[in-house]
Amino acid sequence: MLIVPGSNFTRQSMELAKRLGVEVVEVEKKVFPDGEVYVRLKGLPSDLGSTCVAVANTMYPSQDTALVETLLLLNAVHKAGGKDVVLVAPYLPYMRQDKVFLQGEPVSAEVVLEVLTRTIKRGLVVDVHNPGVLESRPWTNILVSDMLVAQALKYVTDPIVMAPDKGALERAGFAASKLNLEFDYLIKERDRVTGEVTVKPKSVSVAGRDVVIVDDIISTGGTLAEAAKFLRSQGARRIVVAATHGLLVGGAMRKMDEAGFSKIILADTLGVTHISPSILYVSVVERISGFLREVCLER
Ligand code: R5P
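All of the points below concern the structure found in this document.

About the criteria used
In this numbering scheme, every chain counts its residues from 1 along its sequence in written order. It should be noted that, the model being predicted, local features are given only for residues of pLDDT at least 70 and side-chain atom pairs only at 80 or more, the latter also being counted only at that level, while totals for whole chains, interfaces and linings use all residues. Only hydrogens and water are set aside; all other atoms, that is, all heavy atoms of the structure, feed into the side-chain values. In DSSP terms, a helix is any run of H or I states spanning at least four residues, a strand is any run of E spanning at least two, and both are numbered starting from the N terminus. Throughout, the radius of gyration refers to the C-alpha atoms, and the reference size of a globule is 2.2 Å times the residue count to the power 0.38. The criterion used for residue contact is that any of the two residues' heavy atoms lie within 4.5 Å. All accessible-area figures derive from a Shrake-Rupley calculation using a 1.4 Å probe, and residue coverage is judged against the displayed protein chains alone. For this count, His and the chain ends are skipped, Lys and Arg are scored as positive, and Asp and Glu as negative. For this purpose, a charge sits on NZ of Lys, CZ of Arg, CG of Asp or CD of Glu. Each residue gets one of three labels from its accessible area relative to the maximum for its type: buried under 20%, exposed over 50%, partly exposed in between, using a 1.4 Å probe on protein chains only. Here a residue counts as near a molecule or strand whenever at least one of its heavy atoms sits within 4 Å of it. Polar contact is the term for a pair of N or O atoms within 3.5 Å; when the atoms are in protein, one must be able to donate a hydrogen and the other to accept it, and sequence-neighboring residues count only if both atoms are side-chain atoms. Only protein atoms enter the 1 Å grid used here. Points where a 1.4 Å probe fits but cannot escape make up a cavity, open sets with protein on both sides within 12 Å along at least five of seven lines make up a pocket, and a residue lines them when an atom lies within 4 Å of a point. Being in a pocket or cavity means that more than half of the molecule's atoms lie within 2 Å of its grid points. We call Asp, Glu, Lys and Arg charged. Ala, Val, Leu, Ile, Met, Phe, Trp, Tyr, Cys and Pro are nonpolar, and the rest, Gly among them, are polar. A pair of cysteine sulfur atoms is labelled a disulfide when the two atoms are within 2.5 Å. Only residues whose relative accessible area exceeds 30% and that form no salt bridge enter a patch; like-charged residues are grouped when within 9 Å of one another, and nonpolar side chains (Val, Leu, Ile, Met, Phe, Trp, Tyr) when within 5 Å. Salt bridge criterion: a side-chain nitrogen from Lys or Arg within 4 Å of a carboxyl oxygen from Asp or Glu. To qualify as a nonpolar core, a set must consist of buried Ala, Val, Leu, Ile, Met, Phe, Trp, Tyr and Cys residues joined through side-chain atoms within 4.5 Å.

1. Quick look at the overall build of the protein chain
Each helix and strand counted, the protein chain has 8 helices and 16 strands in total. Taking 2.2 N^0.38 as the reference for a compact globule, 299 residues should give roughly 19 Å; the C-alpha atoms of the protein chain span a radius of gyration of 20 Å, in line with that estimate. Dimensions of the protein chain, computed from the C-alpha atoms along their principal axes, are close to 65 × 45 × 35 Å. Considering only contacts within the protein chain whose residues lie at least 6 apart along the sequence, 65% involve residues at least 24 apart. Carbon and sulfur atoms make up 50% of the accessible area of the protein chain, which amounts to about 13,600 Å² in all. Taken together, the 35 basic and 35 acidic charged side chains of the protein chain have centroids lying 2 Å from each other.

Right under this line is the structure:
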């Protein structure tokens, strides 16, 4: 087995290789003066044949560049004769545009998955926004909400696990059932033009209780800030966030601070990008190496 590291996943690829006892391929990378990306895999066997090759890159930040770089790496492996290729993409971009919400829009998730799946045998993603987009494609979605909520339990007492919208119910339910906790969800509405989030009134039994909110992505922080406001209005005590991908763009950190979360637990699918006393990162490398061991080494 060989690991081909993408620019956004170099350190984690080294860690994966060490755990699995396999080699990392040296990748020469440069950017042409016009901004185009160049990659070259160095020291490959003349024909990769049946060698399992894992191309590993997380596609954030600079989603578009990371996407192109990953496609070039996959093509280079293909040109070197690689047939048993696994793509490890802890964060896949464009997955939230998983349907036509407003007339004239594309289904971006479909586009990205189609190009990425062309030359691979298997794909791995961590907590994709809507697992439905992977249906009838050779992809595996790994949920990590159980690990995040397990960490969250250090900061709360007898909490209820809460999904900020119905879409997050599966990941919240997964963690809650693994850890034997109660769970519920809120009703969220997002204005498709302005992006503004509102949480609709709904009866939830959080009065006097600690809450762990489970979500896939923190982008602008609007969803979590609104969820916290609503939960506090219902009498919630401490609130901890357990979210997989911490994009935390724009003023998200300020919103998180203002919402007064006791702790924000994030998976390190994008690396450790925000150093703050309120944030705790949980590594996903062990789960990814477990998957690679199963699909590449123990067959
Ligand atoms: C949307 O349904 C997702 O699951 C997240 O709740 C959302 O992407 C978070 O975005 P923001 O932090 O900008 O509200």
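2. Details of the environment of Glu28
With respect to the element layout, Glu28 can be found in strand β3 (residues 26-31). Residue classification places Glu28 among the partly exposed residues on the basis of a relative accessible area of 26%. Between the C-alpha atom of Glu28 and that of Val39, which follows or precedes it by 11 residues, the distance is 5.5 Å. For Glu28, the residues in contact, after removing those within four places along its chain, are Tyr38, Val39, Arg40 and Lys42.

3. A short note on the site of the ligand
Around the ligand, the surrounding shell holds 14 residues, and the nearest of these are Asp215, Asp216, Thr220, Gly221 and Thr223. In this structure, Ser219 approaches the ligand through a main-chain N or O atom, which is 2.9 Å from an oxygen atom. Within the side chain of Thr220, an N or O atom sits 2.6 Å from an oxygen atom of the ligand. More than half of the atoms belonging to the ligand lie within 2 Å of the grid points that define the largest pocket. Elements with a contribution of two residues or more to the shell around the ligand: β11 (187-190), β13 (211-218) and α6 (222-233). Per-element accounting of the shell around the ligand gives the leading share, 4 residues, to β13. Classifying every residue of the shell around the ligand by side-chain character gives 2 nonpolar, 6 polar and 6 charged.

4. Some points on the state of the cysteines
Summed over all chains, the structure comprises 1 disulfide. At a sulfur-sulfur separation of 2.0 Å, the disulfide partner of Cys52 is Cys296. Taken as a pair, Cys52 in strand β5 (residues 52-56) and Cys296 in helix α8 (residues 285-297) lie far apart in primary sequence, 244 residues in all. For the residue pair Cys52 and Cys296, the accessibility class agrees, reading buried in each case.

5. Comments concerning a positive patch on the surface
On the surface, Arg96, Lys99, Arg190 and Arg192 cluster together into a positively charged patch. Mapped onto the elements of the fold, Arg96 is located in the loop between β6 (84-89) and α3 (108-117).

6. Thoughts on the nonpolar core
Across soluble globular proteins, nonpolar side chains show a tendency to be buried alongside one another. Counting residues in hydrophobic clusters, the biggest one holds 42 residues, and the most contacted among them are Met1, Ile3, Val86, Val144, Val149, Ile288 and Leu292. In terms of residues, this core owes the most to one element, α8, which gives 6 residues. Residues Val55, Leu73, Leu87 and Leu113 belong to the second largest nonpolar core, which totals 31 residues.

7. Examining the side chain of Asp165
You can see Asp165 is positioned in the loop between β9 (160-163) and α5 (169-179). Of the polar contacts made by the side chain of Asp165, one reaches the backbone nitrogen of Gly167; its length is 3.2 Å. One polar contact links Asp165 to Lys188, side chain to side chain, over a distance of 3.0 Å.

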